[in-house]
Every structure is written in structure tokens, then in C-alpha cells.
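Survey of secondary and tertiary structure
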Amino acid sequence: MSEISAASLEARKRIRTDQPHTARIWNYWLGGKDNYPVDQAAGDQIRALHPGIGDYALADRQFLGRAVRHLAGPCGIRQFLDIGTGLPTADNTHEVAQRVAPDSRVVYVDNDPIVLAHAEALLTSTPEGATAYLDDDLRNIDAVLEQAARTLDFSQPVALVLLGVVIFIEDDEEAYGVVHNLMDRLPSGSHLVLSHTITRPDMPDVDAAVAFWNEHGTPKLTQRTPGAVSRFFEGLELLEPGVVSCNRWRPEDPSGELPAEVAMFGGVGRKG
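Reference entry: report on the structure contained in this document. Remember, predicted model here, so these are calculated numbers, not experimental data.

Calculation criteria
- Residues numbered from 1 in each chain as written.
- Predicted model: local features only at pLDDT ≥ 70, side-chain atom pairs only at ≥ 80, totals over all residues.
- Heavy atoms only, no water.
- Phe/Tyr/Trp six-rings, centres within 6.5 Å; stacked < 30°, edge-to-face > 60°.
- Helix = DSSP H or I, 4+ residues; strand = E, 2+ residues; numbered from the N terminus.
- Buried < 20%, exposed > 50% of the residue type's maximum accessible area, 1.4 Å probe, protein only.
- Lys NZ or Arg CZ within 6 Å of the ring centre and 35° of its normal.
- Expected span 1.5 Å × (residues − 1).
- Arc of directions from axis to C-beta.
- Contact = heavy atoms within 4.5 Å.

Moving on: the packing of aromatic side chains. The tally for this structure, following the rule as stated, stands at two aromatic pairs. Consider the rings of Phe63 and Trp249, whose centres lie 5.6 Å apart with planes at 80 degrees: the pair is edge-to-face. One end of the pair, Phe63, is in helix 4 (residues 53-72); the other, Trp249, is in the loop between strand 7 (244-245) and strand 8 (264-270), with 186 residues separating them in the sequence. We classify Phe63 as buried; its relative accessible area is 0%. Exposure remark for Trp249: the relative accessible area of 0% places this residue in the buried category. Geometrically, the ring pair formed by Tyr176 and Phe232 is tilted, given 4.5 Å between the ring centres and 45 degrees between the ring planes. In this pair, Tyr176 sits in helix 8 (residues 172-184) while Phe232 sits in the loop between helix 10 (226-230) and strand 6 (237-238), placing the two residues 56 residues apart along the sequence. The cationic tip of Arg231 hangs over the ring face of Tyr176; the distance from NZ or CZ to the ring centre is 3.8 Å.

Here we come to the environment of Leu81. With respect to the helices and strands, the residue Leu81 is situated in strand 1 (residues 79-83). Among the residues examined, Leu81 registers a relative accessible area of 1% and is labelled buried. Measuring from C-alpha to C-alpha, the distance between Leu81 and Asp137 comes to 13 Å, with 56 residues separating the pair along the chain.

Let us look at helix 9 (residues 204-216). Taking 1.5 Å of rise per residue, 13 residues should cover 18 Å, and helix 9 covers 19 Å from first to last C-alpha, within 8% of that figure. Inspection of helix 9 places Val206, Ala209, Val210, Phe212 and Trp213 among the buried residues, and these make up the whole buried set. Burial along helix 9 is one-sided: seen end-on, the buried residues are contained in an arc of 155 degrees. Turned more than 90 degrees from where helix 9 packs its buried face, Pro204 and Glu215 sit exposed. Summarising the contacts, the buried residues of helix 9 are in contact with helix 2 (22-29), helix 3 (37-49), helix 4 and strand 5 (191-197).

This is the structure in C-alpha cells:
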């Protein structure tokens, strides 16, 4: 039995099926099957508070695809460090990147036993490329980079992917510190891909949905304003169109009409 299989079996023993979990609710909204009735019930209650909430999951996923295709294509990035991976679904980072550049190398990182239990699905790869999965925490920067170095060459540019993960760090200075520290450790030419749930006066139903989640679910979420999300990109060259609603980051709609905003904002920045 492989090390990851033994770990995944152990992880399954730690999964709580009597309490809703954000990764499984996200999976439910995306139409996946890795969720339980308790997650479906909570997801439906959140959707009743904010009917468009399911669109955030889709917008975030599609943003990932567009960003990774751009980085693996025109930008020539061949290495991706995806922290806060979430449950495997369609078009995971390695699938998108290796479709563009088969020699892409991807390391996934998450500290959730739910994700670990399904991690084998993330370890498929083209013969030319490589994938790896680390069971670790975003805050453990030294350990993450040391382990990731078995797969990635940190003398070459890396795309750091942080989709919907820093929302779990409540303290602002700690959240900014972790992201900036990670980028400081990466070489010039590296990129940051980040998304975050926002709070804004014209989206009060989002606040209500997050409040419901924080009362009933795990782990707790922290919203930030669009301006606060932009702070994560300080010191980087923001790619156009900047930090925007995820579904407005380089949309592929040929009509050119921008879709209605969702309360999940994201951006891509380049380290000079």
C-alpha cells in the first residue's frame, strides 16, 4: 500500500459526517458527489439566504482555469504550488496546466483530512510532468517549501495558487504576512493567483450567508473588502484587469459583455 493510500485511509477515520464542512459544501455546489446530507442541507440553507452563492464556486473554479492556462501558456510558467487545494473535481490545476504544457509540475497542499482522503485523484500526471500532494498547513511555510522542493525547482519561477484559502486566517496581519512571506521566498518571474470572499455594502446577503456558516459550519470564514484583498498583491505587478470579481477576470464570453459580479474576487500578480 502506498504512503498516500495509508494516509488517506487514516484520514477517513477523522472525517466528521455529522457536521457540515466548507470543502464538501463547495463540492456540492459544483455538482460533485463527495458530500453528505448534512452538507447538502447546509448548502441549501446558505443558498436560500443568498441564491447566487453557488455561482461563486463556479466563478472561482473557472477563474482558476483561465489563470492557469494564461500562466502555462503566454507566461511560460511550468511550476505550480497550489495551497488550500480543496476536494478534487473537474479541471484541477495539474490537468489545466498539463493540457497546455505537458511538462508542468504541480504540488498540492492542504491540511484537511477530507481532502487527504481523496488526494489520489490529484496525483495523476502526464509522463513529462509531475504532481505531488502535501498534507500540511499554509502557515507552515518552511515545511511546505522544503517538501515541495522535492518536486519543484525553486530557482525557477513558480505560480503560487491560493484560491479561497486565506479566508480561513482571521487576523489580517497574519494573513498578509503569510502570503507576502511565501512570495518573498519565490524567485523573480513567479506569480500569485489569489481569490477571496468579499464584503461590500451592496451585497448584504453575502454577509448573512457567511454569518450563518460561521454559526453552524467549520472552518470559520473571514470576509475582506475588495481593497483589503488587493493588499495581498502589494509589491507585485498586477496583471490586467487587476483584482476583480472572479467571473470578470479575462472572461471568455465572445460577446464582450461583463457578467454580473459575484462576491468572490481574485487577481494574478507577477513578482519582478
